[in-house]
Amino acid sequence: MTPSISTANYLCIGCPLGCRLEVDTAEEDRIVEIRGFSCKRGKEYAAQEHIDPRRNVALTVGLRGGALPRLPVKTSAAVPKARVLALCAALRDLVIDAPVRVGQVVAVNPLGLGADIVATREMGVG
Amino acid sequence: MISSKPAHLQGVYDVVVAGGGPAGLGAALAAREAGAERVLVVDREKEAGGILLQCIHAGFGLHHFKEELTGPEYAGRVLREALEHGVDVLSDAYALDVLPDKRIKLMSAEHGVTLIEARAAVLSMGARERTRAAIRIPGARPAGVLTAGFAQRLVNLQGCLPGRRVAILGSGDIGLIMARRLTLEGVEVVGVFELMPYANGLNRNIVQCLRDFDIPLHLSTTVVQVHGRERVEKVTVAPVDDHLKPVLSKAWDVPCDTLLVSIGLIPENELSRQMNLRLDPVTNGPVVNSAMETSRDGVFACGNVVHIHDLVDFVSAEAGLAGRWAGLAAQGRRPPEDNVRLSAGENVGYCVPHSLSTEREHTVYLRVRKPMEQSVIRLSSSDGRFTVDKKVRYVFPAEMINLKVGPRMLQNFHGDALRIDVLPR
Ligand SMILES: Cc1cc2nc3c(=O)[nH]c(=O)nc-3n(C[C@H](O)[C@H](O)[C@H](O)COP(=O)(O)OP(=O)(O)OC[C@H]3O[C@@H](n4cnc5c(N)ncnc54)[C@H](O)[C@@H]3O)c2cc1C
Ligand code: SF4
């Protein structure tokens, strides 16, 4: 008897092409085949999305003494999708002092999700 | 912020660039690389970098920098590259006019109204958003109705939230991005309403901005009325029929205190109009040849001012071309003549450039009018004797198509006009 295969559909968010991905799984969600990707990134994304969906997050934190009141930041690595809102809530009251360099870490591994928060814009003293 | 004030403004430049977004900064860099010595970029904002400074999300640069960057990172890099290559960047200054002799009229707090001599000019003023007035929703004019891009500026640069319960009209990318951005800030986004039967933004944004947060997307639905006197209290939405007419008998009310309008961008072309440049009625941008030169010799254009790009990477590619030819034109070298006119045919909204040469390699950018699954892009001569097809998978109005056209593809073509159609296979 052939094992029953089920197919899950995802849309790749790896780049704007938006390839339509299909993940075939057999018993106990074991991945047997991935189709529809146009590059390696898409194949990896499909597997990751099926097992443990993660997202990169971009947001702003407060900036003190800078030319603008907000500093744009991002996660240094993707965090579990289900924890994205909690992460943003945890950072809501964070305020950083100017000046700031691009790439500067403004929070170390908040909520223990395995990602630092880094600045994405240079901000001088305003 | 990266300091962007030239030590002193010179009176004569080889190339002056109006607008310091990625298009203008990229063009300035390319002009320097092509040998132009004195290059000036003028931008009206406090800091050059353009609209990307408020687009704090990632997704930029995969093509151009081979790395995924956020908007501010991308803008910061192009600004730094330009400054490192000796480009003068003057922020807080408006480009008011480019005179027929190419002198540029500027206005800035620091220098007042000044005329600068230039040998070539690049227009890269970007785009602005269509507003609610452009679509005429009935109802009062309470506070709480704003464009998605303005909301983006408020939230990301000023740190102000536009409201607590937000409805979004239009499924353009900026609206989708803002649906997620506001959700991350703890604002409730009650839904996105789109007039057309398909979304206007990129699929990846539907997935990561709406579906990730269970924000409903109502297709074939529009806002028919805004309620509230001082402040928005609710909006009435209704499905539309096949002729896009709202079916009022099926309307329903959506309580909210804010309506964001995300219905697309239009090129910022006051300056081009003032200069009497030939404009394309579909793109609203200047007509350009394959060197990105406008109808006026020595005046080039690139980026969103020519046509709306959804990806800044392609803006940078176009800027490289415009800047290079502007730099060469400043040294007395004219771009080679084009010998073929290009026009938009079946299911093609527009194509840029508007002409090309059978001798060189080109990238032609086009947008379809409606989505199509399995399709072909066809280039054909008016007498139908020459046709060449290129298969494509899915085409959407939201996704710009770029088509490589070169001498090999056109080797059997001998006319002076080509038409582009996108047809079912
Ligand atoms: C609200 C908004 C959100 C966007 N989000 C995305 C996104 O998420 N991803 C993406 O890839 N693309 C996005 N885009 C498209 C984006 O505009 C392009 O990718 C890119 O930034 C276009 O570059 P540009 O240089 O042509 O225009 P811009 O970046 O708009 O730069 C034009 C510059 O010219 C200046 N200017 C205009 N007129 C004058 C004048 N007369 N004198 C002096 N200066 C002048 C403006 O102030 C501005 O700084 C967005 C566009 C808008 C409007
Ligand atoms: S599979 Fe590759 S090409 Fe396709 S959307 Fe994903 S990243 Fe882009």
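Residues numbered from 1 in each chain as written. Chains lettered and ligands numbered in written order. Predicted model: local features only at pLDDT ≥ 70, side-chain atom pairs only at ≥ 80, totals over all residues. Heavy atoms only, no water.

Concerning the overall build of chain B
Let me state the cut-off plainly: Secondary structure counts use DSSP, requiring at least four H or I residues in a row for a helix and at least two E residues in a row for a strand, with both numbered from the N terminus. Throughout, radius of gyration means the C-alpha value; the globule benchmark is 2.2 Å times the number of residues raised to the power 0.38. Type-normalised accessible area, obtained with a 1.4 Å probe on protein chains alone, sets the label of each residue: buried when under 20%, exposed when over 50%, and partly exposed for intermediate values. Any two residues whose heavy atoms approach within 4.5 Å are treated as being in contact. In summary, the charge assignment counts Lys and Arg as positive and Asp and Glu as negative, without counting His or the chain termini. Charge positions come from single atoms, namely NZ of Lys, CZ of Arg, CG of Asp or CD of Glu.
Counting its regular elements, chain B contains seven helices and 27 strands. A compact globule built from 425 residues should have a C-alpha radius of gyration of about 22 Å, and chain B, at 22 Å, falls within 12% of that. Along the first, second and third principal axes, the C-alpha atoms of chain B reach 65 × 60 × 40 Å. The 425 residues of chain B split such that 60% are buried. Restricting to contacts in chain B with at least 6 residues of sequence separation, those with at least 24 account for 64%. Within chain B, the 49 negative side-chain charges are centred at a point lying 3 Å from the centre of the 49 positive side-chain charges.

As for the environment of B:Arg103
Residues and elements named next belong to chain B. In this fold, Arg-103 is placed in the loop between strand E6 (93-98) and strand E7 (104-108). A relative accessible area of 30% means that Arg-103 is categorised as partly exposed. Placed 58 residues apart in sequence, Arg-103 and Glu-45 show a C-alpha to C-alpha distance of 22 Å. Residues in contact with Arg-103, not counting those within four places in the same chain, are Asp-97, Val-98, Leu-115, Ile-116 and Glu-117.

A look at the site of ligand 2
Threshold: Note on terminology: near, applied to a residue and a molecule or strand, indicates that one of the residue's heavy atoms is within 4 Å of it. Classes in brief: Ala, Val, Leu, Ile, Met, Phe, Trp, Tyr, Cys and Pro nonpolar; Asp, Glu, Lys and Arg charged; the others, Gly included, polar.
Close to ligand 2 lie A:Cys12, A:Gly14, A:Cys15, A:Leu17, A:Gly18, A:Cys19, A:Phe37, A:Ser38, A:Cys39, A:Arg41 and A:Gly42, which account for all nearby residues. Along the lines of polarity and charge, the residues of the shell around ligand 2 split into six nonpolar, four polar and one charged.

Describing the site of ligand 1
Residues and elements named next belong to chain B. We apply this condition: In protein, a polar contact means a hydrogen-donor-capable atom and an acceptor-capable atom, both N or O and within 3.5 Å, with residues adjacent in sequence counting only if both atoms are side-chain atoms; elsewhere, any N or O pair within 3.5 Å suffices. As annotated, the domain borders come from an automatic or database domain assignment.
By nearness alone, 33 residues border ligand 1, and Asp-43, His-57, Phe-60, Asn-304 and Asp-310 come closest of all. One of the side-chain N or O atoms of Asn-304 is found 2.8 Å from an oxygen atom in ligand 1. Asp-310 places a main-chain nitrogen or oxygen 2.8 Å from an oxygen atom of ligand 1. Sorting the residues of the shell around ligand 1 by element identifies helix H1 (22-33), E6, helix H3 (148-158) and helix H7 (312-330) as the ones contributing at least two each. In terms of residue count, the dominant contributor to the shell around ligand 1 is E6 (three residues). Class assignment for the residues of the shell around ligand 1 results in 16 nonpolar, 13 polar and four charged. Of the residues that make up the shell around ligand 1, three or more belong to each of domain 1 (12-128 + 266-330) and domain 2 (131-263).

Some remarks on H1(B)
All names here are of chain B. Here is the rule: Multiply 1.5 Å by the residue count of a helix minus one, and that product is the helix's expected span.
Taking 1.5 Å as the rise per residue, H1 with 12 residues should run 16 Å; its terminal C-alpha atoms sit 16 Å apart, in good agreement. Burial of H1 is extensive: 10 of the 12 residues sit out of reach of the surface. Considering only its buried residues, H1 is in contact with strand E1 (12-18), strand E2 (39-42), helix H2 (71-84), strand E5 (88-90), strand E8 (112-123) and H7.

Let's talk about the interface of chain A and chain B
Put simply, the rule is: By convention, the term buried area covers the 1.4 Å-probe accessible surface removed from two parts as they join, with the contributions of both added. The term salt bridge refers to a pairing of a side-chain nitrogen on Lys or Arg with a carboxyl oxygen on Asp or Glu at a separation within 4 Å.
Residue-level contacts link 34 residues of chain A with 35 residues of chain B. Interface of chain A and chain B: buried area, both sides summed, is about 2900 Å²; carbon and sulfur atoms make up 54% of it. Three residues stand out in chain A for area buried against chain B, namely A:Pro16, A:Arg20 and A:Arg121, and they jointly supply 21% of the buried area on that side. Taken together, the links from chain A to chain B amount to seven salt bridges.

Digging into the sheet that holds strand E11 (residues 165-169) of chain B
Residue and element names in this part refer to chain B. The following threshold applies: Two strands pair if DSSP finds at least two bridges between them. Fitted lines through C-alpha atoms give the axes, limited to the stretch in contact for helices. The angle between two N-to-C directions lies from 0 to 180 degrees.
Strand order in the open sheet formed by five strands is E10-E17-E11-E12-E13, with parallel pairing between adjacent strands. Lying at the two open borders of the sheet, with one neighbouring strand each, are strand E10 (145-147) and strand E13 (217-218). Relative to the sheet, H3 contacts E10 and strand E17 (258-261), its axis offset from that of E10 by approximately 90°. The strands touched by helix H4 (residues 173-184) within the sheet are E11, strand E12 (188-193) and E17, with E12 carrying the most contacts at an inclination of about 165°.

Thoughts on the domain arrangement of chain B
Residue and element names in this part refer to chain B. According to the domain assignment, chain B contains domain 1 (12-128 + 266-330), domain 2 (131-263) and domain 3 (340-424). Here the C-alpha centroids of domain 2 and domain 3 sit 35 Å apart. Between domain 2 and domain 3, the contact holds five residues from the first and seven residues from the second. Buried area between domain 2 and domain 3, both sides added, is near 430 Å², and the carbon and sulfur share of it is 64%. It is Tyr-198, Leu-202 and Asn-203 in domain 2 that bury the most area against domain 3; as a group they hold 77% of the surface buried on that side. The interface formed by domain 2 and domain 3 contains zero salt bridges. Remark: the boundary between domain 2 and domain 3 carries zero residue pairs in polar contact (both at pLDDT 80 or more). Here the side of domain 2 that touches domain 3 is built from residues that sort into two nonpolar, three polar and no charged.

Some points on the nonpolar core
Considering soluble globular proteins, one finds that nonpolar side chains tend to be buried as a cluster. Rule in force here: What is meant by a nonpolar core is a set of buried Ala, Val, Leu, Ile, Met, Phe, Trp, Tyr and Cys residues, joined one to another through side-chain atoms within 4.5 Å.
By size, the foremost hydrophobic cluster in this structure holds 70 residues, and its most contacted members are B:Val15, B:Val16, B:Leu40, B:Tyr74, B:Val122, B:Leu123 and B:Phe300. Ranked by residues supplied to this core, first place goes to H7(B) with 10 residues. In this view, B:Leu40 contacts B:Leu9, B:Tyr13, B:Val15, B:Val16, B:Val17, B:Asp88, B:Leu90, B:Leu106 and B:Ile116; residues no more than four positions away in its chain are not counted. Residues A:Val84, A:Ala115, B:Val155 and B:Val166 belong to the second largest nonpolar core, which totals 46 residues.

Topic: the state of the cysteines
Residues and elements named next belong to chain B. Here is the rule we go by: For the purposes of this analysis, a disulfide is any pair of cysteine sulfur atoms at a distance within 2.5 Å.
Applying the stated criterion to the full structure yields zero disulfides over all chains. No disulfide involves Cys-256; its sulfur sits 20 Å from the nearest other cysteine sulfur, which is in Cys-160. In this structure Cys-351 is a free cysteine whose sulfur lies 18 Å from that of Cys-302, the closest cysteine sulfur available. Given the relative accessible area of 4%, Cys-351 is considered buried.

Some points on the packing of aromatic side chains
All names here are of chain B. How we decide: Here is the rule: rings of Phe, Tyr and Trp (six-membered ring for Trp) pair when centre to centre is within 6.5 Å. Planes less than 30 degrees apart are stacked, more than 60 are edge-to-face, and the remainder are tilted.
Going through the model one piece at a time under the given rule, you end up with four aromatic pairs over all chains. Between the aromatic rings of Phe-314 and Tyr-365, the centroid separation amounts to 6.1 Å while the plane-to-plane angle is 50°, which identifies the pairing as tilted. Placement of the pair is Phe-314 in helix H7 and Tyr-365 in strand E23 (residues 362-368), with a sequence separation of 51 residues. The exposure class assigned to Phe-314 is buried, which follows from its relative accessible area of 14%.

Details of unusual backbone geometry
In this chain, A:Ala98 is followed by A:Pro99 through a cis amide linkage whose omega measures 0°. A cis geometry characterises the amide bond from B:Val352 onward to B:Pro353, with omega recorded as 5°. Assignment of secondary structure puts B:Pro353 in the loop between strand E21 (348-352) and strand E22 (355-356). Of note, B:Asp214 is a non-glycine position whose phi angle comes to about 55°, a positive value. For B:Asp214, the position within the fold is in the loop between helix H5 (203-210) and E13.

Considerations on the environment of B:Leu115
Residues and elements named next belong to chain B. Mapped onto the elements of the fold, Leu-115 is located in strand E8. Each C-alpha atom, one on Leu-115 and one on Lys-105, is 4.6 Å from the other, the two residues being 10 residues apart in sequence. Discounting residues that sit within four places of it in the chain, Leu-115 has contacts with Leu-99, Arg-103, Ile-104 and Lys-105.

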